[in-house]
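Fold and contact review
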Amino acid sequence: MNDALARQADGLTVTAASPQEWHQVAEWAAAEGWNPGHGDVDCFHPTDPAGFFIGRLGGETVSAVSVVVYSDRYAFLGYYLVRPDLRGRGLGLATWRAAFPHAGDRLTGLDAVPAQQDNYRRSGFLPSYGTVRYAGRPERNGAPAPGIVPVAAEHLDAIAAYDRDCFPADRRAFVARWLTAPGHSAYVRLREGRVTGYGAIRPGRDAHRIGPLFADTADDAEALLDSLVSVPAPGESVAVDMPETQKAAGELALARGLTAQFPTLRMYTGPAPEVRTERIFGVTSLELG
């Protein structure tokens, strides 16, 4: 959406946001306790520069939502926020209505906090599965397991192909940014040269964030998680959002001393996309799916 297409509602103007403007939205997310990663904006915004929207009143940013298009079939909604002192005035809904047409007729997903789930249902979203954030100071488990290596440039094509089975769209460019961004650490598990899982960890405001954590088996996921939690300094906290449908994921998190702290619900505008859900031990992010 460009300025010419901006919609007005009670003086609200909704336009696409620049990366610089989106940094303010990231600060709002931090104030909400979402624990955004320090470099998330630089990784997220290039995925769909036209898919990040802010609402302004009198020139001040007061609301936000992202509607990121991944392909001609899939989009993801996140960062649905209104400045706290202006809530209850319909500004969020007006921003939503202005921004959501960016998704077109694509299947669109989101991760809903409990307080918003009924609103999303009324907007046509259907529940798919619950996600729980596990967080805390992890217990470490020694040296990396065999086959666990840091991600290097020569792994990116194979990892992107693996990721495509776990995500509803090809997101190779995003994966390459995500795994090589400053401050991010990423590991891949290889068996006879074949990728059987990968994961990444990045510094966040309140804790290091793990995501994604994709793996063929619980053993692969455990080996990757142990490598990822070895990245922060001893005593620092980590957090990872795990699907409730993946029972082994929650058991692994609890075994490493993490506790369940923050539930969300994955919802879609239609039937859930077909992906290798058995490989998903930790989602990439709640903001971009």
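Summarised in this report is the structure supplied together with it.

A short note on the pattern of salt bridges
Side chains carrying opposite charge are able to pair once their charged atoms draw close together. With the rule as written, the count across this model stands at 20 salt bridges. In this structure, arginine 205 engages glutamate 27 in a salt bridge whose closest nitrogen and oxygen atoms are separated by 2.9 Å. With arginine 205 in the loop between strand 10 (194-202) and strand 11 (208-215) and glutamate 27 in helix 1 (residues 19-31), this residue pair connects regions lying 178 residues apart in the sequence. For arginine 205, a relative accessible area of 32% translates into the label partly exposed. For arginine 83, the salt bridge is made with aspartate 85, and the minimal N-O distance between the two is 2.8 Å.

A short note on the packing of helix 5 (residues 156-166) against helix 6 (residues 172-180)
For the pair helix 5 and helix 6, interaxial distance at closest approach is 10 Å and the crossing angle is 120°. Relative to helix 6, the element helix 5 lies oblique. Once helix 5 is placed against helix 6, the crossing between them reads as right-handed. On helix 6, the residues that touch Leu156, Asp157, Ile159, Ala160 and Asp163 of helix 5 are Arg172, Val175, Ala176 and Leu179. Looking at the contact of helix 5 with helix 6 residue by residue, the classes come out as 6 nonpolar, no polar and 3 charged.

Observations regarding helix 1
Its 13 residues give helix 1 an end-to-end C-alpha distance of 19 Å, which sits within 8% of 18 Å, the value for a rise of 1.5 Å per residue. Trp22, Val25, Ala26, Trp28, Ala29 and Ala30 are the residues of helix 1 that are buried. Downstream of helix 1 by a residue or two, glycine 33 has a phi angle that is positive, lying close to 85°.

Considerations on the nonpolar core
If you look at the biggest cluster of nonpolar residues, it comprises 45 residues, and the most contacted ones within it are Trp22, Tyr70, Tyr74, Ile159, Leu179 and Tyr198. Setting aside chain neighbours within four positions, we find tyrosine 70 in contact with Thr47, Ala75, Phe76, Phe167, Ala169, Asp170, Arg171 and Leu288. Among the nonpolar cores identified, the runner-up in size contains 24 residues, and Val62, Val67, Ala75 and Leu77 belong to it.

Quick look at the side chain of threonine 47
Mapped onto the elements, threonine 47 comes out in the loop between helix 2 (40-44) and strand 3 (52-57). Polar side-chain contacts of threonine 47 include one of 2.8 Å to the side chain of arginine 177. When near neighbours in sequence (up to four residues on either side) are disregarded, threonine 47 contacts Val68, Val69, Tyr70, Phe174, Arg177 and Leu288.

Rules used in this analysis
Residue positions are given per chain, counted from 1 along the sequence in the order it is written. pLDDT decides what is reported in this predicted model: residues at 70 or higher carry local features, side-chain atom pairs at 80 or more are listed and counted, and totals for whole chains, interfaces and linings draw on all residues regardless. Values shown for side chains rest on all heavy atoms present in the structure; no hydrogens or waters enter the calculation. Any Lys or Arg side-chain nitrogen located within 4 Å of an Asp or Glu carboxyl oxygen qualifies as a salt bridge. Strands are runs of DSSP state E lasting at least two residues, helices are runs of H or I lasting at least four, and both sets are numbered from the N terminus onward. For each residue, the accessible area found with a 1.4 Å probe, counting protein chains only, is set against the maximum for its type, and the residue is called buried under 20%, exposed over 50%, and partly exposed in between. In this analysis an axis means a line fitted to C-alpha atoms, helices contributing only their contacting stretch, and an angle means the value between N-to-C directions, from 0 to 180 degrees. Each angle receives one of four descriptions, namely roughly parallel if under 35 degrees, roughly antiparallel if over 145, roughly perpendicular if within 65 to 115, and oblique otherwise. Helix crossings are classified by the rotation of the near helix relative to the far one: an anticlockwise turn of less than a right angle makes the crossing left-handed, while a clockwise turn makes it right-handed. The contact criterion used is simple: two residues touch if any of their non-hydrogen atoms lie within 4.5 Å. Residues are sorted three ways: Asp, Glu, Lys and Arg are charged, Ala, Val, Leu, Ile, Met, Phe, Trp, Tyr, Cys and Pro are nonpolar, and all the rest, Gly among them, are polar. To estimate the expected span of a helix, subtract one from its residue number and multiply by 1.5 Å. Residues belong to a common nonpolar core when they are buried Ala, Val, Leu, Ile, Met, Phe, Trp, Tyr or Cys residues joined through side-chain atoms within 4.5 Å. Polar contact is the term for a pair of N or O atoms within 3.5 Å; when the atoms are in protein, one must be able to donate a hydrogen and the other to accept it, and sequence-neighboring residues count only if both atoms are side-chain atoms.

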